[in-house]
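# Examining the three-dimensional arrangement
This is what each chain is made of:
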Amino acid sequence: MNWIQIQTPLDDETVNTLRTGDAALFSGVLYAARDKAHERMRRMIENGEALPFDPRGQVIYFMGPSPAPPGRVIGSAGPTTSYRMDPFAGTMCGAGVKGFIGKGKRSAEARGAMMKCGAVYFSTFGGAGAYLSRRIVSSSEIAFDDLGPEAIYRLEVAGFPAIVINDIFGGDLYEDALSKRG
Amino acid sequence: MAHRRPVSVELIGRTVADLVDRASFEMPAGVEDLYAAMRDRENSGTARYALGVLVDNAAIARADRLPLCQDCGVTIVFFDIGQDVSLEGDYLPDAVNRGVRDAYERLYLRKSVVGDPLVRKNTETNTPCFLHTEIVPGDRVGITVYLKGGGSENMSFLKMFRPTASVEEIIDHIASCVIEAGPNPCPPLFLGVGIGGTADVALVNAKRAVLRGVGSRHADPAYADIERRILERLNATGVGPLGFGGASTAAAVYIKEAPTHIATLPVALNLNCHSLRYAEAVL
């Protein structure tokens, strides 16, 4: 595997170089948010309120961790299935988000919104929550703590792995996989 | 009247908690070796890497006592209760729910159950769990705890076939479902197939099927052959581990069949992700 080192926040220059199938190692900050948090963030954006973090150039990780055992930064922390966040892709991209990390297919609408705004969709290793936990250096809940595992977390990561599924040029690794069947 | 063997309901609840513990941190024997063998068969670098991650993940979960997956699942409990057993103590589901609540709290497992499907407020206990009970001969209580995550459960399928449908049509259907699910249920899959019964029976049988035992073959050679054909077909779809492409779309296929009506042929699919989490005990 030929890994590309990526520092967050993402800039357009980096986004332009990424292609479907590329393997990336993230360092810097990711924001973890899933279903309910997205619903609330969309409402905040629609009402003209500021989000709990500046979304410009950021990468959102679709993830709800298991609780951190004593002495640990976070519990298991693998990706959740991304299509449930498809209805929010347009709004989040419009707010300046440049990347999403999850697992599984995105809708045509979500892919279109990401291409239009120059945002990349990555998948990390679904179900490998214990493995991925070791790539997270720090974790803090920054909003919506009433949602429990669905709160927004600020994660500092080092060498966090993910594969480019949808680049900004219309590539789709999952479709490529099926075309090679047989 | 036959002798009734007393079994403590409290003990059943504590056993369920122990089984949640075992299933959360360790997959059944043989699974990791299976992934290592599948890795050696893959040509794509990404597929090989992904399978290696799954093996590493299992080792880290066991060593660090971190859950295999952050989605610690809903707790599904299959009981085989001997008809010569006398359940002593509290109401059984209450004791089981106490055991589950205790385990999820004590073991730092994620609580993913909402009490009402539309209001969607987290119960903060991962209860209620879901119980399936069968009455069997004898004086033992068989308990299987099965943890199922939401991502793979969302990729469940039920199709009511015409009773004259061929095995080929059923295999075609299963392959198209697995392609449709693609990366979402975290392949390589342990695929449970419920054939026959009524719609609800087929779905429960599909769930039970994946608990038959890693490496086991169906007792009926005809069904064993269908399982083998489905597995080969799925591994030719190209989906691959985590959908990244390759030959490791499924690790195993298990069928559980049941008698059915002359007019019906239900086929239900339970797609279990690569993280096969169940544990069993007999009291």
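This section reports on the structure supplied with the text. Numbers given for residues are sequential positions, taken from 1 along each chain in its written order. All chains are assigned letters beginning at A, and all ligands numbers beginning at 1, according to the order in which they are written. For this predicted model, a pLDDT threshold of at least 70 governs which residues receive local features, and a threshold of 80 or more governs which side-chain atom pairs are given and counted, while totals over whole chains, interfaces and linings are taken from all residues. Only heavy atoms go into the side-chain values, all of them from the structure, while hydrogens and water stay out.

Right, let's get into the overall build of chain B. By the criteria applied, helices consist of DSSP H or I runs no shorter than four residues and strands consist of E runs no shorter than two, each listed in order from the N terminus. Of the regular secondary structure elements, chain B holds 8 helices and 10 strands. The C-alpha radius of gyration computed for chain B amounts to 19 Å, which stays within 12% of the reference 19 Å derived for 283 residues, consistent with globular compactness. Referenced to the eigenvectors of the C-alpha coordinate spread, the extents of chain B come out at roughly 55 × 50 × 40 Å. Across the 283 residues that make up chain B, the buried fraction comes to 56%. In chain B, the proportion of contacts linking residues at least 24 apart, taken out of those at least 6 apart, comes to 82%. Only carbon and sulfur atoms are counted for the fraction: they give 54% of the accessible area of chain B, which is about 11700 Å². This count recognises Lys and Arg as positive and Asp and Glu as negative, with His and chain-terminal groups excluded. Charge positions come from single atoms, namely NZ of Lys, CZ of Arg, CG of Asp or CD of Glu. Separation of charge centres in chain B, based on 29 positive and 34 negative side chains, amounts to 1 Å. Within these notes, the globule rule equals 2.2 Å times the number of residues to the 0.38 power, and the radius of gyration is based on C-alpha atoms. Exposure categories follow from relative accessible area, calculated using a 1.4 Å probe and restricted to protein chains: below 20% of the type maximum is buried, above 50% is exposed, and the middle band is partly exposed. Only heavy atoms matter for contacts: two residues are in contact if any of them lie within 4.5 Å across the pair. Note on areas: Shrake-Rupley with a 1.4 Å probe; residue coverage comes only from the protein chains shown.

Glancing now at the nonpolar core. Residues enter a nonpolar core if they are buried and are Ala, Val, Leu, Ile, Met, Phe, Trp, Tyr or Cys, with the set joined through side-chain atoms within 4.5 Å. A:F26, A:F100, A:F122 and B:Y35 are the most contacted members of the largest nonpolar core, which has 88 residues in total. For this core, the element with the highest residue contribution is strand β7 (residues 152–166) of chain A, accounting for 9 residues.

Turning our eyes to something else, we now look at the sheet that holds strand β4 (residues 130–136) of chain B. Residue and element names in this part refer to chain B. Read from one edge of the open sheet, 4 strands run β4-β2-β5-β10, paired in mixed fashion. This sheet does not close on itself; its edge strands, each paired only once, are β4 and β10 (278–282). The sheet shows a mean angle of 15° between the axes of neighbouring strands, direction not considered. Criterion used throughout: strands pair if DSSP finds at least two bridges between them. As paired strands, strand β5 (residues 141–148) and β10 are joined by 5 bridges and run antiparallel to one another. Only the contacting stretch of a helix is used when fitting its axis, a line to C-alpha atoms as for every element, and angles between N-to-C directions run 0 to 180 degrees.

All names here are of chain B. With mixed pairing, the 4 strands of this open sheet are ordered in space as β6-β9-β7-β8. Two strands bound the open sheet, and with one partner strand each, they are β6 (157–161) and β8 (250–258). Taking each pair of neighbouring strands and ignoring which way they run, the sheet shows an average axis angle of 15°. Here 5 bridges tie β6 to strand β9 (residues 265–272), and the two strands are oriented antiparallel to one another. Each residue of the ladder has a partner; that of F161, found in β9, is L265. Contacting β7 (189–196) and β8, helix α2 (residues 31–41) runs over the sheet at an angle of about 125° to β8. Strands in contact with helix α8 (residues 221–234) are β7 and β8; relative to β8, the strand with the most contacts, it is inclined by about 145°.

Two distance rules govern patches: like charges are joined within 9 Å, and nonpolar side chains (Val, Leu, Ile, Met, Phe, Trp, Tyr) within 5 Å, applied only to residues with over 30% relative accessible area and no salt bridge. What counts as a salt bridge is simple: a side-chain nitrogen of Lys or Arg found within 4 Å of a carboxyl oxygen of Asp or Glu. On the surface, a nonpolar cluster with roughly 240 Å² of combined accessible area is contributed by B:L158, B:M160 and B:L203. Mapped onto the secondary structure, B:L158 falls in strand β6.

Residue and element names in this part refer to chain B. The interhelical angle for the contact between α2 and helix α3 (residues 45–64), taken along N-to-C directions, is 160°, at an axis separation of 8 Å. Judged on the interaxial angle alone, α3 and α2 are roughly antiparallel. Handedness of the crossing formed by α2 with α3: left-handed. Only R48, L51, G52, L54, V55, A58, A59 and R62 of α3 make contact with α2, whose side of the interface consists of E32, Y35, A36, M38, R39 and D40. Residue polarity is assigned by list, with Asp, Glu, Lys and Arg as charged and Ala, Val, Leu, Ile, Met, Phe, Trp, Tyr, Cys and Pro as nonpolar; anything else, Gly included, falls into the polar class. Along the lines of polarity and charge, the residues of the contact of α2 with α3 split into 8 nonpolar, 1 polar and 5 charged. The scheme is simple: roughly parallel for angles under 35 degrees, roughly antiparallel for over 145, roughly perpendicular for 65 to 115, oblique for anything else. Note: crossing handedness is left-handed where the near helix turns anticlockwise from the far helix by less than a right angle, and right-handed where it turns clockwise.

This paragraph deals with the pattern of salt bridges. Residue and element names in this part refer to chain A. Per the counting criterion, the structure on display carries 32 salt bridges over all chains. The salt bridge partner of R111 is D172, with a shortest N-O separation of 3.8 Å. One end of the pair, R111, is in helix α4 (residues 108–117); the other, D172, is in the loop between β7 and α6 (173–179), and 61 residues separate them in sequence. Owing to a relative accessible area of 25%, R111 belongs among the partly exposed residues under this scheme. Each of R34, D35, R84 and E150 takes part in a single network of salt bridges with overlapping partners.

Another aspect to go through is the packing of aromatic side chains. To pair, rings of Phe, Tyr and Trp, with the six-membered ring standing in for Trp, must have centres within 6.5 Å; the planes then decide the type, stacked if under 30 degrees apart, edge-to-face if over 60, and tilted in the middle. Following the criterion strictly, the structure yields 8 aromatic pairs over all chains and no others. Aromatic pair A:F62 and A:F100: ring centres 5.8 Å apart, planes at 20°, arrangement stacked. Of the two residues, A:F62 sits in the loop between β3 (59–61) and α3 (89–94) while A:F100 sits in strand β4 (residues 99–102), which places them 38 residues apart along the sequence. Each member of the pair, A:F62 as well as A:F100, is classed as buried. An aromatic cluster is present here, built from A:W3, A:F125, A:Y131, B:Y49 and B:F244 joined pairwise through their rings. Note that A:R106 overlies the ring of A:F100, its terminal NZ or CZ placed 5.9 Å from the centroid. Sitting over a ring, as applied to charges here, requires NZ of Lys or CZ of Arg to be within 6 Å of the ring centre and within 35 degrees of the ring normal. When the ring centre of B:F25 is taken as origin, the NZ or CZ atom of B:R65, which lies over that ring, is 4.2 Å away.

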